[in-house]
Amino acid sequence: MNKTALTVHQIARPHGFPTADHFAFIESTLPEPAAGSALVENLYWSVDPYHREMMDDVPGGFALDAPLEGRTIGRVIASRTPRLAEGELVFHRQGWRTHAAVTPEEIRRLPRFEGVPLTAYLSTLGGTGLTAYVGLTRIARLQEGEDLFVSAAAGGVGTATGRFARLLGAGRLVGSAGSAAKVGHLTREVGYDAVFNYHDGPAADLLAKAAPDGIDVFVDNVGGEQLAAAVGVLREFGRIVRVGTISQYNTPGTASAIFNYADIVEKSIRMEGFLVSNYRDMQEELYEFAVPHLQSGRLPLDETVLDGFEHIVDAFLGMLRGENTGKIIVRDRTEASSVR
Ligand SMILES: NC(=O)c1ccc[n+]([C@@H]2O[C@H](COP(=O)([O-])OP(=O)(O)OC[C@H]3O[C@@H](n4cnc5c(N)ncnc54)[C@H](OP(=O)(O)O)[C@@H]3O)[C@@H](O)[C@H]2O)c1
């Protein structure tokens, strides 16, 4: 067992794009679990776009010089409660640290499904997959044969949305991503019919070419000019699922997209945003939908896994720069060698 713990703190507020200098790795002795709690050695960490939003001085944001929260999976290594057994795997939200002292109320037990790796609980079966599933089934209320456009299609939510949409019987699947390699991956591997690189020109032109007959649903991870472009090509009774606005997270204060408001009325478009945290009750339904497909091989996992807790800040910054394909996950080195 390691004798010391590492915890990441945010030590300064970024103005624009964050860098490694905004974070510090703090070494300490292992946390002592109080009576009624247990010590967890963390094995997998999720770093997410919302962490960037929390880096600003906003209500509920990260405090400076304090541990950062995040979705994490770890193993109980010492317990002072009969409700948490040594060796048990648990999910908790004390992210960005090698060890955490947790109470039974702070953890969730993960169901184990034959053949499904632990990373899936942070990607397709985790908050990322749940976001995609809620967006398609509850917000868009996707019908068989309907045509979709997904922005940031090569990311965690974007790949899950594309794969789920195919399994739900979607029609034409159009996506956008930030590199030629991602465009290739989405069309060859994920099942998208047409994908454009949004750096290649005005989004309105690129989308009009990729979706010449229009779309029924837009799953929007990005906002900005791609949102305005989608309003233009949506058909009558189209739906816009507002998932995120990553084009603005590093430029707080930027004016939001200007789109044709009259289109919303004349085409009877519905635009609805949501937070996955309000749909936790759909977790079981996601398992029922996705697990059989994961087990049969019809639903591959899209993940970029970085090994070594010391890379957690690099993983986060790389995700903001678009270096990930699928969900970005950080894995402990010992766990990496044990799953090979
Ligand atoms: N509503 C909710 O409850 C909820 C839950 C989870 C996530 N989200 C949102 O969903 C979106 C995707 O999250 P994720 O976890 O799946 O992350 P992700 O898509 O795996 O990673 C972020 C991706 O965003 C793209 N990106 C970065 N800057 C961009 C820009 N200026 N314009 C366009 N694309 C840009 C990058 O890909 P490229 O190489 O393609 O640029 C990058 O890979 C985010 O907006 C996030 O906040 C919302």
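What counts as what
Residues numbered from 1 in each chain as written. Predicted model: local features only at pLDDT ≥ 70, side-chain atom pairs only at ≥ 80, totals over all residues. Heavy atoms only, no water. Helix = DSSP H or I, 4+ residues; strand = E, 2+ residues; numbered from the N terminus. Rg over C-alpha atoms; globule rule 2.2 N^0.38 Å. Buried < 20%, exposed > 50% of the residue type's maximum accessible area, 1.4 Å probe, protein only. Areas by Shrake-Rupley, 256 points an atom, 1.4 Å probe, with all protein chains shown as cover. Lys, Arg positive; Asp, Glu negative; His and termini not counted. Charge placed at Lys NZ, Arg CZ, Asp CG, Glu CD. 1 Å grid on protein atoms, 1.4 Å probe; cavity = no way out; pocket = protein on both sides within 12 Å on 5 of 7 lines; lining within 4 Å. Points joined across faces, edges and corners; volume = space filled by probe spheres on them. Nonpolar A, V, L, I, M, F, W, Y, C, P; charged D, E, K, R; others polar. Axes fitted to C-alpha atoms, helices over the stretch in contact; angles between N-to-C directions. Parallel < 35°, antiparallel > 145°, perpendicular 65-115°, else oblique. Left-handed = near helix turned anticlockwise from the far one by under 90°. Contact = heavy atoms within 4.5 Å. Near = heavy atom within 4 Å. Polar contact = N/O pair within 3.5 Å; in protein donor to acceptor, adjacent residues only side chain to side chain. Pairing = 2+ DSSP bridges. Core = buried A, V, L, I, M, F, W, Y, C linked by side-chain atoms within 4.5 Å. Phe/Tyr/Trp six-rings, centres within 6.5 Å; stacked < 30°, edge-to-face > 60°.

(A) Spatial organisation of the overall build of the protein. Along its length, the protein carries 10 helices and 15 strands. Here the C-alpha atoms of the protein give a radius of gyration of 21 Å, agreeing with the 20 Å that 2.2 N^0.38 yields for 340 residues. Considering only C-alpha atoms, the protein reaches an extent of 60 × 45 × 35 Å along its principal axes. The proportion of buried residues among the 340 residues of the protein is 54%. For the protein, the exposed area adds up to about 14800 Å²; of that, 52% sits on carbon and sulfur atoms. Computed over 32 positive and 42 negative side-chain charges, the separation of the two mean positions in the protein equals 2 Å.

(B) Layout of unusual backbone geometry. In this structure, Ala-152 is a non-glycine residue whose phi angle is positive, near 50°. The topology assignment puts Ala-152 in the loop between strand E8 (148-150) and helix H3 (156-167). Exposure remark for Ala-152: the relative accessible area of 28% places this residue in the partly exposed category.

(C) Here's a closer look at the layout of surface pockets. In this structure, the largest pocket encloses a volume near 1200 Å³. In this structure, the largest pocket is lined by 49 residues; those nearest its centre are Pro-49, Asn-221, Gly-244, Ile-246 and Tyr-249. For the lining of the largest pocket, the secondary structure elements donating two or more residues are helix H1 (49-54), helix H2 (127-139), H3, helix H6 (224-233), helix H9 (312-320) and strand E15 (327-331). Class assignment of the residues belonging to the lining of the largest pocket gives a composition of 19 nonpolar, 20 polar and 10 charged.

(D) Fine view of the packing of helix H5 (residues 203-210) against H6. Look at H5 against H6: their axes get within 8 Å of each other, and the N-to-C directions meet at 45°. Accordingly, the angle class assigned to the pair H5 and H6 is oblique. Taken as a pair, H5 and H6 cross one another with a handedness that is right-handed. Between H5 and H6, the residues in contact are Ala-203, Ala-204, Leu-207 and Ala-208 and Glu-225, Gln-226, Ala-229, Ala-230 and Val-233, respectively. Of the residues contributing to the contact of H5 with H6, the split by class is 7 nonpolar, 1 polar and 1 charged.

(E) Focus on the site of the ligand. Around the ligand, the surrounding shell holds 25 residues, and the nearest of these are Val-157, Lys-182, Tyr-198, Val-276 and Asn-324. Contact between the ligand and Gly-178: an oxygen atom at 2.8 Å from a main-chain N or O atom of the residue. Interatomic distance of 2.7 Å between a side-chain N/O atom of Asn-324 and an oxygen atom of the ligand. Of all the secondary structure elements, the ones that give two or more residues to the shell around the ligand are H3 and H9. For the shell around the ligand, the residue count by class is 13 nonpolar, 11 polar and 1 charged.

(F) Structural detail: the sheet that holds strand E10 (residues 194-197). Within the open sheet, the 6 strands sit side by side as E10-E9-E8-E11-E12-E13. Their pairing is parallel. Two strands close off the open sheet at either side, each with one partner strand: E10 and strand E13 (270-273). Taken pair by pair, the neighbouring strands of this sheet meet at an average axis angle of 15°, ignoring direction. Bridge analysis of strand E12 (residues 234-242) against E13 gives 4 bridges, and the strand direction is parallel. Bridged to Ile-240 within E13 is Met-271. Running at roughly 165° to E8, H3 makes contact with E8, strand E9 (173-177) and strand E11 (215-220) of the sheet. The strands touched by H6 are E8, E9, E10, E11, E12 and E13; relative to E12, the strand with the most contacts, the crossing angle is about 155°.

(G) Spatial organisation of empty space enclosed by the protein. Counted under the stated rule, the structure contains 1 cavity of 30 Å³ or more. Taken as a whole, the largest cavity holds about 60 Å³ of empty space. As for the largest cavity, its lining consists of Ser-123, Thr-124, Thr-128, Gly-156, Thr-159, Ala-160, Arg-163, Leu-299, Pro-300, Asp-302 and Lys-327. Sorting elements by how many residues they give to the lining of the largest cavity places H3 first, with 4 residues.

(H) Main features of the nonpolar core. Membership of the largest hydrophobic core comes to 48 residues, with the highest contact counts inside it found for Ile-73, Leu-125, Leu-148, Phe-164, Leu-186 and Tyr-192. For this core, the secondary structure elements donating two or more residues are strand E3 (38-46), H2, E8, H3, E9, helix H4 (180-190), E11 and helix H8 (283-296). Those residues in contact with Leu-125, other than ones at most four positions away along the chain, are Phe-113, Val-116, Ala-120, Gln-283, Leu-286, Tyr-287, Ala-290, Val-291 and Leu-294. The next biggest cluster of nonpolar side chains, apart from the first, holds 20 residues, and it includes Val-174, Ala-194, Ile-215 and Ala-230.

(I) Up close: the packing of aromatic side chains. Throughout the structure, instances matching the rule amount to 13 aromatic pairs. Relative to Trp-96, the ring of Phe-23 lies with its centre 5.7 Å away and its plane at 15°, an arrangement referred to as stacked. In this pair, Phe-23 sits in strand E2 (residues 23-29) while Trp-96 sits in the loop between strand E5 (89-92) and strand E6 (99-102), placing the two residues 73 residues apart along the sequence. Under the relative-accessibility criterion, Phe-23 is labelled buried at 7%. An aromatic cluster of at least three residues, connected via ring pairs, comprises Phe-23, Trp-96 and Phe-316.

These figures come from the coordinates and say nothing about function on their own.
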